[in-house]
Amino acid sequence: MANPVVWFEVIGKDGNALRSFYADMFGWSYDQPEGMDYGMVNPKETGIGGGIGTGPEGAPPYQTFYVGVDDVEAALQQAESLGGSRTMGPMDIPMGGTIGLFTDPEGHLIGVVAGFGDQPG
C-alpha cells in the first residue's frame, strides 16, 4: 500500500476562533493537550485525525496534510531531490512521533510523519 494521509492541520493566528469556526461549521469537538493552543479532532468525526491551533508569533497561517512515512529525514531528502524544499524538521512532537514539512515544486506545503500512533515509523 502507498503511504496514507494520516493527519491534517489548520494553523493560524487565533486557534480558539479557528476551533470555534470548524466546530460550528462541521460539528467537530476537540481534545486539547494541557498547555497547548492546539485542539485535536477525533478521526471518527473527520475521516482522519487532525489538529487546529495557533502558530508561532509572526508565522503565516497554513493548512496542510501529513503523509505517514517510515523515516521523516529520508522523506525530506527525497522531496528535496525531486525539486521540493524542506521547510521544517525532522522534529519530535509531544504526542509521540516525528514530523517534517516541505514544499513541492509549486510551493504547496506538505507534511510527513513517522511513529505517530499506529502509523508507519
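Since we're looking at a predicted model, the values are computed, not measured. (Residues numbered from 1 in each chain as written. Predicted model: local features only at pLDDT ≥ 70, side-chain atom pairs only at ≥ 80, totals over all residues. Heavy atoms only, no water.)

## Here's the deal with the nonpolar core
Move 1: Judged by nonpolar contacts, Val6, Trp7, Ile11, Tyr38, Met40, Tyr66, Ile93, Ile99, Leu101, Val113 and Phe116 together constitute the single largest core of eleven residues.
Move 2: Listing elements by their share of this core, those giving two or more residues are strand S1 (5-12), strand S3 (38-41) and strand S7 (98-103).
Move 3: Here the element with the most residues in this core is S1; it accounts for three residues.
Move 4: Excluding anything up to four places from it in sequence, Trp7 contacts Tyr38, Met40, Ile48, Gly49, Gly50, Gly51, Phe65, Tyr66 and Phe116. (Core = buried A, V, L, I, M, F, W, Y, C linked by side-chain atoms within 4.5 Å. Buried < 20%, exposed > 50% of the residue type's maximum accessible area, 1.4 Å probe, protein only. Helix = DSSP H or I, 4+ residues; strand = E, 2+ residues; numbered from the N terminus. Contact = heavy atoms within 4.5 Å.)

## Brief notes about the sheet that holds strand S2 (residues 30-31)
Move 1: A sheet is described by the order of its strands in space; here eight strands give the open sequence S2-S3-S4-S1-S5-S8-S7-S6, paired in mixed fashion. This sheet does not close on itself; its edge strands, each paired only once, are S2 and strand S6 (85-92).
Move 2: The pairing of S7 with strand S8 (residues 109-114) spans six bridges and is antiparallel. Counterpart to Ile99 in the pairing with S8 is Val113.
Move 3: With respect to the sheet, helix H1 (residues 15-26) is in contact with S1, S2, S3 and strand S4 (49-54), its orientation differing from that of S4 by roughly 140°.
Move 4: Across the sheet, helix H3 (residues 72-81) is in contact with S6, S7 and S8; its angle to S6 comes to roughly 180°. (Pairing = 2+ DSSP bridges. Axes fitted to C-alpha atoms, helices over the stretch in contact; angles between N-to-C directions.)

## Considering H3
Move 1: For H3, every residue scored as buried is listed here: Val72, Ala75, Leu76 and Ala79. Projected down its long axis, H3 shows its buried positions confined to an angular sector of 100°, all on one face.
Move 2: Buried residues along H3 sit in contact with S6, S7 and S8.
Move 3: Of the residues flanking the start of H3, the one acting as N-cap is Asp71, its side-chain oxygen 3.0 Å from the backbone nitrogen of Glu73.
Move 4: Two residues or fewer after H3 comes Gly83, characterised by a positive phi angle close to 105°. (Arc of directions from axis to C-beta. Polar contact = N/O pair within 3.5 Å; in protein donor to acceptor, adjacent residues only side chain to side chain.)

## Thoughts on the packing of aromatic side chains
Move 1: Counted under the stated rule, the structure contains five aromatic pairs.
Move 2: Taken together, a centroid distance of 5.6 Å and an interplanar angle of 50° make the contact between Phe8 and Trp28 tilted. Of this pair, Phe8 sits in strand S1 while Trp28 sits in the loop between H1 and S2, and the two are 20 residues apart along the sequence. The two residues Phe8 and Trp28 agree in class, both being buried.
Move 3: Centroid distance Tyr22 to Trp28: 5.8 Å. Interplanar angle 15°. Geometry classified as stacked. Trp28 carries the same exposure label as Tyr22, and that label is buried.
Move 4: A connected cluster of aromatic rings, assembled from ring pairs, spans Phe8, Phe21, Tyr22, Phe26 and Trp28. (Phe/Tyr/Trp six-rings, centres within 6.5 Å; stacked < 30°, edge-to-face > 60°.)

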